[in-house]
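Residues per chain, in single letters:
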Amino acid sequence: MLIHFLPAIIMFAITVGFVALLFVPATVYKQKNELINFYWAGIWVFLGLIAAFSGGSETLFLLSYDSRLVAEGLLGAIILCFVIFVIFGWFRLSFTAIAAGVKHFFAKTKRA
């Protein structure tokens, strides 16, 4: 009986360990800027969610549960949200940096 559950237990343990490792940078390393800290933590949380869902679906597959359609749909949606989050974050951080540069440039030219 335990032989049937052993691969699933190993896969579950690996998934929990890997997801825990992905949450470490989000919780341990805080960024000085709130905006950068938000995106820093968000990236690691999304990566942890992707790893958790994919590991969970493989654990259920090893236990002979057919959850492929639901797991693939959820994983696809999470990956799409991750890509949108990264692109939106990149545009927002770029715009913030460009706006700060322009503001700094005009402040220097006013003084001169």
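Everything that follows concerns the structure shown earlier in this document.
Residues numbered from 1 in each chain as written. Predicted model: local features only at pLDDT ≥ 70, side-chain atom pairs only at ≥ 80, totals over all residues. Heavy atoms only, no water.

**What about the packing of aromatic side chains?**
Basically, it comes down to this: For this analysis, a ring pair means two rings from Phe, Tyr or Trp (six-membered ring only for Trp) whose centres lie within 6.5 Å, classed as stacked if their planes differ by under 30 degrees, edge-to-face if by over 60, and tilted for the remaining angles. Counting from the N terminus, the helices are DSSP H or I runs at least four residues long and the strands are E runs at least two residues long. Only protein chains enter the accessibility calculation, which uses a 1.4 Å probe. A residue is then buried if its area is under 20% of the maximum for its type, exposed if over 50%, and partly exposed in between. Both a distance and an angle decide whether a charge sits over a ring: NZ of Lys or CZ of Arg must be within 6 Å of the ring centre and within 35 degrees of the ring normal.
Evaluation of the coordinates by the stated rule reveals 8 aromatic pairs. Ring geometry for Y39 versus F85: centroids 5.3 Å apart, planes at 50°, classification tilted. With Y39 in helix α2 (residues 34-62) and F85 in helix α3 (residues 68-111), this pair connects stretches of sequence that are 46 residues apart. Assessed through its relative accessible area of 7%, Y39 is described here as buried. Its relative accessible area of 15% is what places F85 among the buried residues. Grouping aromatic residues by their ring pairs yields a cluster made of F38, Y39, F46, F82 and F85. For R68, the ring lying beneath its charged end belongs to F61, and the centroid distance is 4.3 Å.

**Describing the pattern of salt bridges**
This is how the line gets drawn: Each salt bridge in this description consists of a side-chain nitrogen of Lys or Arg and a carboxyl oxygen of Asp or Glu lying within 4 Å of one another.
Using the criterion set out here, one finds 1 salt bridge in the structure. E58 is paired through a salt bridge with R68; the nearest N and O atoms lie 2.8 Å apart. Here the residue E58 occupies a position in helix α2, and R68 occupies one in helix α3, the gap between them amounting to 10 residues. For E58, a relative accessible area of 29% corresponds to the partly exposed category.

**Focus: the nonpolar core**
One broad trend across soluble globular proteins is that nonpolar side chains are buried collectively. Note the threshold: By nonpolar core is meant a set of buried Ala, Val, Leu, Ile, Met, Phe, Trp, Tyr and Cys residues that side-chain atoms within 4.5 Å join together. Only heavy atoms enter the contact rule, under which two residues are in contact if any of them lie within 4.5 Å.
Among the nonpolar cores identified, the biggest contains 8 residues, and these are L35, Y39, F46, I50, L75, I78, F82 and F85. Elements represented by at least two residues in this core include exactly α2 and α3. When sequence neighbours within four positions are dropped, the list of residues in contact with I50 reads L75, I78, I79 and F82.

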